[in-house]
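Geometric and topological summary
Given next are the chains, with one letter for each unit.
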Amino acid sequence: MLIIWSLIFWLNFVFPFTSALANSSAEIIIEFQEIGKVNPYIFGQHILAYDLCTTRRKNWKFCINDGRFTNFGAGVWDPLLKKPNSELLQLAKKIKVSVLRFPGGCGAHHYDWKKAIGPIEKRPMYKFGIDEFMKLCRSIGVKSIIVLSYFTGTCQDLADLVEYLNAPLGTNPNGGIAWAEVRAKNGHPEPYGVEWFEFGNEVWHGDHRKVPAVDPREYARRYLKCRQLIKDVDPKARLGVVIGESPYGLDWWSRTVLNIVKDKVDFVIIHIYRPGYRSNKNEIPAKELFKITLASPDQIKDILKRIEKELKDLTGKEIPIAITEYNGSFVQQKPVPYRHCLGNALFVADLLRVFITTKVPILCAIYHHFSNNYWGLVYNPDYMKGRGRYYKRPNYYVFDLYANHFGDILLNTTVKSETYSQPGYRKILPSDISQKLSVFRSNDNKFLIKPVFQWLPPCVKLEECANYCLKLNFNCENTDKLGIFFYDEIKVRPNWLYSCEFEIKTENLNRFWFNIHVKDQNYKIIKHSQNLKRNFDWMKVGFDFKTFEDTEVLKLMFFACSEENKIKGNIYIRDIKIKELGPAPQYGPTPYISAIASTNEKRDRIYIMVINKNLNEPMKTRIKINGFNFSPIVHAWVLNGPSVDATNEDCQENVKIHYKRVKVNVKDNSFSFTFEPHSVTALEIFKREKRIPIIHLKPKVKIISSLKTKARIILKKLFGNIRISKI
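Residues numbered from 1 in each chain as written. Predicted model: local features only at pLDDT ≥ 70, side-chain atom pairs only at ≥ 80, totals over all residues. Heavy atoms only, no water.

**Considering the overall build of the protein chain**
Our working definition: A helix here means a DSSP run of H or I that spans at least four residues, while a strand means a run of E at least two residues long, and both kinds are numbered starting from the N terminus. With a 1.4 Å probe rolled over the protein chains alone, any residue whose accessible area is under 20% of its type maximum counts as buried; one over 50% counts as exposed, and the rest are partly exposed. The contact criterion used is simple: two residues touch if any of their non-hydrogen atoms lie within 4.5 Å.
Looking only at helices and strands, the protein chain has 12 helices and 37 strands in total. Relative to its 727 residues, the protein chain shows a buried fraction of 55%. By sequence separation, contacts in the protein chain at least 24 residues apart represent 79% of the contacts at least 6 residues apart.

Following this line, the structure appears as structure tokens:
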């Protein structure tokens with residue numbers, strides 16, 4: 001008997017919330033105390049206005065711009081009426097869009113803003129230009145963030161744009177053309193006052209045309225030069241630095257950039273996409289895929305903390321983080337486009353929870369993107385024909401819930417829930433460890449790799465150009481693939497973080513691409529650099545990677561692949577370095593229920609946003625609210641559909657919000673509520689009104705006005721607010 005009671009005591013010690021969940025699968029505890037404000041700028045949207053041909057990687061010279069972005073803004077602009085599309089205007093206002101990003105992501109690489117201003121008749125394929133975008137922002141009442149092209153124009157051209165947007169009429173800060181006067185001639189004498197600018201978009205991967213990659217050192221030096229010119233025009237303008245995130249924090253490219261710019265950075269820019277799924281062959285069943293995907297928001301919250309710490313270490317100050325693109329990364333169409341399904345809506349809802357609750361300084365968050373095209377929240381198949389109606393995709397309803405059923409003041413919220421494990425996929429790490437280990441980078445060992453190969457084919461000649469530098473001369477016919485291992489092997493730790501960096505230069509290459517692989521002792525690929533091609537001068541390249549649980553040795557391999565069945569040209573490689581970064585983060589099982597709570601300025605209600613990641617079963621949840629006397633009537637708006645992969649494509653409405661009013665049994669400031677599987681639910685709970693005593697008077701009793709007033713004063717002292725009625 002003693003053994004049994006000891007076991008019961010031990011279980012209650014190890015699982016202290018077991019009794020609370022005895023009849024429930026989860027518990028949400030809300031303390032009615034303010035812990036912060038909701039940042040309104042996390043509800044931003046991306047507007048497209050670039051020439052679609054500029055993002056074509058192949059045959060771009062034969063592409064013809066149809067104006068879907070440059071004239072229609074993917075639907076937000078009516079080029080005939082020369083004003084915002086009224087239907088999309090209302091859809092944007094309904095979800096309380098707070099920031100608009102312009103003119104695009106990779107579409108900004110070749111965007112020449114000077115082609116997008118001036119009389120409409122002189123820019124027939126840029127009818128939705130700079131001034132039209134600013135008019136759209138004014139119509140909705142939002143802040144703007146503008147992506148400056150890194151690859152098109154000079155630093156002076158970028159400073160000219162800032163002058164066009166922000167210089168007061170009568171001033172000419174940079175000399176030359178008085179851009180404020182040009183703006184006035186175009187119909188807007190008052191400055192627009194744009195504050196936020198991005199210095200390029202995902203610059204590290206090149207421009208999709210002639211530039212295969214960008215050296216982080218070159219980017220940093222150019223950033224400092226352009227920033228100074230922009231500050232000379234408008235000291236209030238803030239220029240963001242493009243960085244990359246990894247599952248471990250900042251990536252190698254970002255660390256290199258920040259080591260140069262240091263504290264001369266106004267804010268940094270990251271893009272968040274998970275899980276990176278690109279298969280049309282249903283390689284991972286939908287439920288399994290979304291179990292993995294829905295584990296990532298809490299990992300992203302941890303990554304943001306790591307980035308914040310590294311930014312402080314590298315710059316010496318707190319740096320705001322602008323998340324100027326985020327979405328579910330599902331680049332596929334079959335069996336359904338997962339980016340537009342219910343499962344992705346759950347992912348987006350949970351990401352917003354992370355952006356709202358993190359203590360990391362988030363400048364803004366921009367969903368990619370608002371209307372039509374590949375990622376749009378809403379779509380109309382016939383928008384360019386001036387007909388048809390708009391359909392809301394599941395992700396739109398997420399913003400609807402946050403905009404109309406969530407407050408501005410955050411409340412202290414704790415969630416305890418049943419959990420699940422998942423194996424991880426690409427940038428999503430497994431979540432199956434009983435305890436999460438939170439670690440940051442360490443600066444331990446560095447390894448400099450000698451440029452010596454184990455074996456060379458006869459068609460490749462090797463020449464040393466200096467210490468730790470070599471030249472590879474390729475003259476290989478009838479060869480479409482080639483792999484060469486470096487001689488050195490590096491002993492490493494399992495489940496550990498490393499970076500690989502090197503410098504590279506090419507000459508006279510034919511049509512082939514190449515990279516450097518990192519493999520383990522079993523020749524299994526751990527990671528490789530980005531694919532490089534074309535001719536370029538010395539450039540720094542690198543990548544971060546995590547060793548496997550059984551990795552003991554690293555092997556480096558040069559790999560090339562030809563499009564012409566031949567590999568010819570010269571490649572120079574120098575200063576190959578492997579650096580140890582520290583232990584890899586580990587994550588515990590993922591809770592099925594995630595939730596946040598808020599209130600409004602009147603403090604007369606509580607809002608609770610709940611995501612149920614259980615894709616098979618409803619989750620009965622105990623909700624306890626301390627410090628708030630509430631009504632037993634619960635109002636619920638539930639976003640759901642028939643399955644986690646349900647979509648609203650082909651003009652369907654399978655996924656939508658349904659409302660229900662539920663009377664709950666309140667006991668000890670708590671009640672139970674059952675959340676539907678694969679759902680996002682917004683609850684509103686109102687403050688219980690005090691009952692007002694009613695004094696009933698018989699019809700024959702008459703009270704003169706002055707006596708009635710005195711009676712009210714006396715009775716109010718005794719009973720508080722009263723109401724006098726006749727019976």
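**Observations regarding the pattern of salt bridges**
Rules: Put simply, a salt bridge is a Lys or Arg side-chain nitrogen that is within 4 Å of an Asp or Glu carboxyl oxygen.
Enumeration over the complete set of coordinates arrives at 39 salt bridges. As a salt-bridge pair, Glu503 and Arg574 come within 3.0 Å of each other at their nearest N and O atoms. A residue pair is termed long-range when its members are at least 10 positions apart, and Glu503 in strand E22 (residues 496-507) and Arg574 in strand E27 (residues 566-583) qualify at 71 residues. With relative accessibility at 12%, the residue Glu503 sits in the buried group. Classification of Arg574 as partly exposed rests on a relative accessible area of 26%. One salt-bridge network, held together by shared partners, links Glu34, Lys37, Glu601 and Arg603.

**Notes on the confidence of the model for the protein chain**
Operational definition: Scored from 0 to 100, pLDDT records how confident the predictor is in each individual residue.
When pLDDT is averaged across the protein chain, the result is 89; 88% of the residues are at 70 or more. Note that pLDDT drops below 50 for residues 435-443; the model gives that stretch 29 contacts with residues more than four away or on any other chain.

**With respect to the nonpolar core**
Inside soluble globular proteins, nonpolar side chains tend to come together where they are buried. Inclusion rule: Among buried residues, the Ala, Val, Leu, Ile, Met, Phe, Trp, Tyr and Cys ones that are joined through side-chain atoms within 4.5 Å form a nonpolar core.
Ile130, Leu165, Tyr219, Tyr326, Phe355, Tyr402 and Ile623 are the most contacted members of the largest nonpolar core, which totals 165 residues. The contact partners of Ile130, leaving out residues within four places of it in the chain, are Phe102, Tyr111, Trp113, Ala116, Ile117, Leu161, Tyr164 and Leu165. Membership of the second largest hydrophobic core comes to 39 residues, among which are Cys500, Ile516, Ile567 and Ile576.

**Digging into the sheet that holds strand E21 (residues 481-491)**
Where we set the bar: For two strands to be treated as a pair, DSSP must find no fewer than two bridges joining them. Think of each axis as a best-fit line through the C-alpha atoms, taken over the contacting stretch in the case of a helix, with angles from 0 to 180 degrees between the N-to-C directions.
In space, the 4 strands of this open sheet follow the order E21-E26-E23-E24, with antiparallel pairing throughout. Both outer strands of the open sheet, E21 and strand E24 (525-528), are each paired with one neighbouring strand and no more. Each neighbouring strand pair of the sheet contributes to a mean axis angle of 25°, computed without reference to strand direction. When strand E23 (residues 512-519) meets E24, the two strands line up antiparallel, connected through 3 bridges. Paired with Lys519 across the two strands is Ile525, which belongs to E24.

**Side note on a negative patch on the surface**
Rules: Distance thresholds for patches are 9 Å for like charges and 5 Å for nonpolar side chains (Val, Leu, Ile, Met, Phe, Trp, Tyr), applied to residues having over 30% relative accessible area and no salt bridge. The accessible surface values rely on the Shrake-Rupley method and a 1.4 Å probe; as for residues, cover is taken only from the protein chains in view. Neither His nor the chain termini are counted; the positive set is Lys and Arg, and the negative set is Asp and Glu. To locate a charge, take atom NZ for lysine, CZ for arginine, CG for aspartate or CD for glutamate.
A surface patch of negative charge is lined by Asp432, Glu549, Asp550 and Glu552. Relative to the helices and strands, Glu552 is located in the loop between strand E25 (539-546) and strand E26 (553-562). Residue classification places Glu552 among the exposed residues on the basis of a relative accessible area of 53%.

**Concerning empty space enclosed by the protein**
The cut-off we apply is this: In this analysis, the protein atoms alone were mapped onto a 1 Å grid. Cavities are point sets where a 1.4 Å probe fits without being able to get out; pockets are open sets with protein on both sides within 12 Å along at least five of seven lines; lining residues have an atom within 4 Å of a point. Grid points are joined across faces, edges and corners, and a volume is the space filled by probe spheres set on the points. Charged residues are taken to be Asp, Glu, Lys and Arg, nonpolar residues to be Ala, Val, Leu, Ile, Met, Phe, Trp, Tyr, Cys and Pro, and polar residues to be all remaining types, Gly included.
Enumeration according to the criterion identifies 1 cavity of 30 Å³ or more in this entry. As a volume, the largest cavity reaches approximately 60 Å³. Among the secondary structure elements, those contributing two or more residues to the lining of the largest cavity are helix H2 (86-94) and helix H3 (130-140). Of the residues forming the lining of the largest cavity, the biggest block, 3 residues, is contributed by H2. For the lining of the largest cavity, a count of residues per class yields 11 nonpolar, 2 polar and no charged.

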